[in-house]
Amino acid sequence: MHSTEWDSTKVIAHTKTDREELCGKLKIPDNIYDPIFALTTSLVSAQELGDTSACWVLYNELRTFCDQQSEAGIVHPFLWETLADFTRDDRIAIDLYKKALTCATSPAAGCYLASIYLALAERHQLVGESSLALDYALRADDEAKVIDDFNLRRQVSEFLLELGMHRRMDGPK
C-alpha cells in the first residue's frame, strides 16, 4: 500500500466479499459492516474521481464511526483495520493496525491477524523499518499458514520474497 493513495483492491476485498467469508467464523455484525461498506465504497469512488475534499470528509466520518463504536464498547478488528487501510499517514496507520490487533483475540481471528500483520509489515517497510517489516511479515506468514485464504497467503509470500530481494540488494542488516 502506498501512503498517499488508498489501495482500493484491498479495501474492496474487505468490503465487497460476503461478510461471512471475510474471516471465517468471526462474523462482522451488520451494524458494523453496513456503515463501513457504505463509507469505504464512497471513499474509493471519491478517490477515483479525484475529489480530495470528499475523501477527507468521508475519512473523518469513518474515523468518527470507529471511535463511536469503541466508545460503545464494540470491539472488532474489522473497524480498525479498515480505518488503517484508509489512513494515509503511515505512522498513524501503524497505530491503528496495532489497535486492530488488540481486537483480534478470538481463536477465529486468524485471518484478521494474518492480514493485519501483513499491513503492518507493508507500512513499516514504507517508513524504512525493514527489521520490523520482516518481523511482522513472518508473523503474517505464520498466521496465513493455518487459514483457508489462499489469496492472503499468496500476498504474504510475495511480500516476503520482495522483502528478501530488497534486503539482499541493500546488503546484510
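Look up a bit, the structure's there.
Quick caveat, the model's predicted, so the values are computed rather than measured. (Residues numbered from 1 in each chain as written. Predicted model: local features only at pLDDT ≥ 70, side-chain atom pairs only at ≥ 80, totals over all residues. Heavy atoms only, no water.)

A few words now on the nonpolar core. As a rule of thumb, soluble globular proteins bury nonpolar side chains together. Grouped together as the largest cluster of nonpolar side chains are 51 residues, with contacts concentrated most on L62, W80 and L120. Only α2 (30–49), α3 (52–71), α4 (77–85), α5 (90–103), α6 (110–126), α7 (130–144) and α8 (150–170) provide two or more residues apiece to this core. Sort the elements by how many residues they give to this core and α6 lands first, with 10 residues. If we skip the residues at most four places from it in the chain, L120 touches I94, Y97, K98, L101 and Y136. (Core = buried A, V, L, I, M, F, W, Y, C linked by side-chain atoms within 4.5 Å. Buried < 20%, exposed > 50% of the residue type's maximum accessible area, 1.4 Å probe, protein only. Helix = DSSP H or I, 4+ residues; strand = E, 2+ residues; numbered from the N terminus. Contact = heavy atoms within 4.5 Å.)

It is the contact of α4 with α5, at a shortest axis distance of 8 Å, that shows an interaxial angle of 165°. Taken together, the axes of α4 and α5 lie roughly antiparallel to each other. Seen from above, α4 lies across α5 with left-handed handedness. Between α4 and α5, the residues in contact are P77, W80, E81, L83, A84 and D85 and A93, L96, Y97, K99, A100 and C103, respectively. When the residues that make up the contact of α4 with α5 are grouped by side-chain class, the tally is 9 nonpolar, no polar and 3 charged. (Axes fitted to C-alpha atoms, helices over the stretch in contact; angles between N-to-C directions. Parallel < 35°, antiparallel > 145°, perpendicular 65-115°, else oblique. Left-handed = near helix turned anticlockwise from the far one by under 90°. Nonpolar A, V, L, I, M, F, W, Y, C, P; charged D, E, K, R; others polar.)

Just distances and angles here, no functional claims.
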